[in-house]
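Read off the chains here:
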Amino acid sequence: MDMAKVQPRSGEHNLTDIDVQREGFDWEEIKKDFSWYHTGKVNVAYEAIDRHAENPHKKDQVALLYSAPNREESVTFEQLSKQSNQTANILKKYGIGKSDRVFLFMPRTPEFYANFFGILKVGAIAGPLFEAFMEQAVRDRLADSEAMMLITTPELIHRVPVKELPALEKIILIGNSTDMKDEQYISYEEEIKEASEAFDIEWVDREDGMLIHYTSGSTGKPKGVYHAHNAMIQHYATGKWVLDLKEDDTYWCTADPGWVTGTSYGIFAPWLNGITNVIRGGRFSPESWYETLEKHQVTVWYTAPTALRKFVSAGDDIVSKYDLSNLRHLLSVGEPLNPEVITWGLRTLNLRIHDTWWMTETGAMLIVNVPSMEIRPGSMGKPIPGIEAAIIDHEGNKLPPNQMGNLAIKKGWPSMMRAIWNNPSKFDSYFIKDWYVSGDSAYMDEDGYFWFQGRLDDVINTSGERVGPFEVESKLIEHQAVSEAGVIGKPDPERGEIIKAFITLNPGYEASDELLEAIRQFVKTSLSAHAAPREIEIKDSIPKTRSGKIMRRLLKSWELGLPTGDTSTLEE
Ligand code: WTA
């Protein structure tokens, strides 16, 4: 690689390399940019939308530039403000108020965003779900959060086990449906006709709840990561420093709002900064994404390695068919960014790809590459101002440079999760002394760059999606043919990892391709497509510890042909 090319671009930037390492940084400096710093009245929906709608110079600016195969739409800040006032009025009419959980299970349409802000405007907590979720995944999340209201569509409602969710009072259906007869259902179309465009926003405390994102760990069901309005400070600041957002940018974050990237950086960061935000519905293909970049003259683009790797495979010829000359800043998150992808970016787009590292739990970016920094391909970059990152051992002692250990962050940044819903002990388990422990293994070089090495637990990262092996194993053994199951992530050049399951069969079942496919489909249709194992292998037994825990590490060593290490706890 031509190292000169990964040197910073010249020109003016918001943050210099010296700033990134700066000591004595104070988040107070950022707070002055918010209206609540002067008025004392807080609500992130006001800061992101209404504040711009009240500004004569900004109100007619396009906030949301929507494009899907069958629908194109531009929504200004003023319109989005009024639309979310309407949805807030509907929610309030049906008794939704402060701290209530309202979930969104619907496609990425302009209505999603109007409802999302409506939820925040009444002071409630939003829970966005991936559209790909099937019954079990939906049930787990709505039950755990005790959601009172669900906003969904007639196509998706059939995956919601309404009768098994006692806390769920009402369901708003967007789109016409025959289910409307039931009292529990509310027609969005009927309500919106009547709903006022004026609404008295509910002022909240900065520590009040804003959002719950469910995410997977290595044990147990998905956990509800709970975020407060205060996170806006970091969403806004990293939008400036790392996304490098400027007044006239057109920005596109490709992430779905079911994933934290799709809310922190698909909603909050751009709109807190008053930027035109491209939202794209429909499926992924390299051609359609290039088209979106070209058509909307996107200037700043935040995407993921799994998509970038597909661009690389699609070849350089395709890129040259599109005019991508407006693109000036490109970023990535979710998985390790392969050095060859960085090379591809330099070769085809003449742009550096800026890696960023963070987690659902951290709420916003923590370790990043900013425009003014030299990029070291393969490294995640350096901590943003106000963040102390370190590599620690199991006791919370800092390790010296170049030594591998637990990547940890000193507690107390603005966007840190405030709780794991319903599970205080899980929350506590994230911390050693003053350190939030990420579960990622990494090392730091002499110059303070962090290098990702892998997960320390069994969490799988497939195409950027976090999948807990326990969830998949539990689902597999619900299939009548499966007796036991152990699930691992197997390295894959395009997807990062794929899900591989090892199973034993119940008596009376014979191994066959049809059976394996049926088992795969079973996971796909009852949990979700991304959780379905791409490979299933039948074994005579699954290795377990004497206490009955599945030894996934051993399965992985077998799969990769690695030494098996210590097997003293293996059951006879
Ligand atoms: C992984 C929220 C390498 C990591 C954004 C982390 C990364 C997990 C990177 C969080 C990166 C995220 N390089 N690995 N730049 N960014 N990860 O909560 O293992 O869905 O702990 O992502 O993704 O996953 P989550």
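This structure is a prediction, so every number in the text was calculated from the model and none was measured.

Chemist: Just give me the short version of the overall build of the protein chain, but keep the residues and values in it.
Modeler: Of the regular secondary structure elements, the protein chain holds 18 helices and 27 strands. At 24 Å, the protein chain has a C-alpha radius of gyration in line with the 25 Å of a compact globule built from 572 residues. C-alpha extents for the protein chain along the principal axes are approximately 75 × 65 × 50 Å. In the protein chain, which comprises 572 residues, the proportion classed as buried is 59%. Within the protein chain, contacts between residues separated by at least 24 positions form 68% of all contacts whose residues are at least 6 apart in sequence. Per element, the accessible surface of the protein chain, about 23,200 Å² overall, is 47% carbon and sulfur. Computed over 62 positive and 85 negative side-chain charges, the inter-centroid distance for the protein chain is 1 Å.

Chemist: How would you summarise unusual backbone geometry if you had to cite specific residues and measurements?
Modeler: With a phi close to 50°, Glu 146 is a non-glycine residue in the positive phi region. Within the secondary structure, Glu 146 is located in the loop between helix 7 (135-145) and strand 5 (149-152). One non-glycine residue, Lys 433, lies in positive phi territory at about 50°. Its place among the elements puts Lys 433 in the loop between strand 20 (431-432) and strand 21 (435-444). The exposure class of Lys 433 is exposed, given its relative accessible area of 59%.

Chemist: Which residues make up the sheet that holds strand 11 (residues 276-280), and what values go with them?
Modeler: Strand order in the open sheet formed by nine strands is 2-1-11-10-12-13-14-15-16, and the pairing between neighbours is mixed. Sheet topology places strand 2 (71-76) and strand 16 (382-383) at the edges, where each strand pairs with a single neighbour.

Chemist: Which residues make up the pattern of salt bridges, and what values do they have?
Modeler: It is possible for side chains bearing opposite charge to pair when their charged atoms get close. The tally for this structure, following the rule as stated, stands at 42 salt bridges. Note that Glu 191 and Lys 93 form a salt bridge whose closest N and O atoms lie 2.9 Å from each other. Of this pair, Glu 191 sits in helix 8 (residues 188-194) while Lys 93 sits in helix 5 (residues 77-93), placing them 98 residues apart in sequence. Its salt-bridge partner being Asp 244, residue Arg 328 comes within 2.8 Å of it at the nearest N-O pair.

Calculation notes
- Residues numbered from 1 in each chain as written.
- Predicted model: local features only at pLDDT ≥ 70, side-chain atom pairs only at ≥ 80, totals over all residues.
- Heavy atoms only, no water.
- Helix = DSSP H or I, 4+ residues; strand = E, 2+ residues; numbered from the N terminus.
- Rg over C-alpha atoms; globule rule 2.2 N^0.38 Å.
- Buried < 20%, exposed > 50% of the residue type's maximum accessible area, 1.4 Å probe, protein only.
- Contact = heavy atoms within 4.5 Å.
- Areas by Shrake-Rupley, 256 points an atom, 1.4 Å probe, with all protein chains shown as cover.
- Lys, Arg positive; Asp, Glu negative; His and termini not counted.
- Charge placed at Lys NZ, Arg CZ, Asp CG, Glu CD.
- Pairing = 2+ DSSP bridges.
- Salt bridge = Lys/Arg side-chain N within 4 Å of Asp/Glu carboxyl O.

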